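An overview of the molecular structure
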Amino acid sequence: MANSLAPVPSAPATPAIAPLSLKAIAPWAVFFGILMLILLYFVGAEQGATSVFSGTDVHEWVHDGRHLLGFPCH
C-alpha cells in the first residue's frame, strides 16, 4: 500500500518582529514597579502611624480595596 501525501500549502510570509531588549523594557518595568509599590502603600498602610496625609480621606477611598486584598482595617 502506497501512502501519498498531499502537498502542504506554504504559509504566507509574515514580517519578522524584532525581539524586545532588556534595555527597552527596564525603564518601564522600574516605573510600573514603583507605581505598584506606591499603590500598595496607599491601599495597605495609609492610616495610623504611617499616614502621609492627615485625616481619613485616603482610607475611605481605598477601603474596599483593602478588604479585597486582605488587609485588615478595623
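Before reading on, note that the structure itself is shown above.
This report concerns the structure included in the present document. Just so we're clear, the structure is a prediction, and the values are computed from it rather than from any experiment. (Residues numbered from 1 in each chain as written. Predicted model: local features only at pLDDT ≥ 70, side-chain atom pairs only at ≥ 80, totals over all residues. Heavy atoms only, no water.)

Moving on to a nonpolar patch on the surface. Nonpolar side chains collect at one region of the surface, where W28, F31, F32, L35, M36 and L39 lie side by side and expose about 640 Å² of accessible area between them. Among the secondary structure elements, M36 is positioned in helix α1 (residues 22-44). (Patch = residues over 30% accessible without salt bridge, like charges linked within 9 Å, V, L, I, M, F, W, Y side chains within 5 Å. Areas by Shrake-Rupley, 256 points an atom, 1.4 Å probe, with all protein chains shown as cover. Salt bridge = Lys/Arg side-chain N within 4 Å of Asp/Glu carboxyl O. Helix = DSSP H or I, 4+ residues; strand = E, 2+ residues; numbered from the N terminus.)

Now for the packing of aromatic side chains. Following the criterion strictly, the structure yields 3 aromatic pairs and no others. On the numbers, 6.3 Å between centres and 90° between planes, the contact of W28 with F31 is edge-to-face. With W28 and F31 both in helix α1 and 3 residues apart, this pair spans about one turn of that helix. Both rings, one in F31 and one in F32, keep their centres 5.2 Å apart while their planes meet at 70°; by these two values the pair is edge-to-face. By relative accessible area, F31 is classed as partly exposed at 44%. Residue class for F32 comes out partly exposed when judged on its relative accessible area of 43%. Taken together, the ring pairs in this structure connect W28, F31 and F32 into an aromatic cluster. (Phe/Tyr/Trp six-rings, centres within 6.5 Å; stacked < 30°, edge-to-face > 60°. Buried < 20%, exposed > 50% of the residue type's maximum accessible area, 1.4 Å probe, protein only.)

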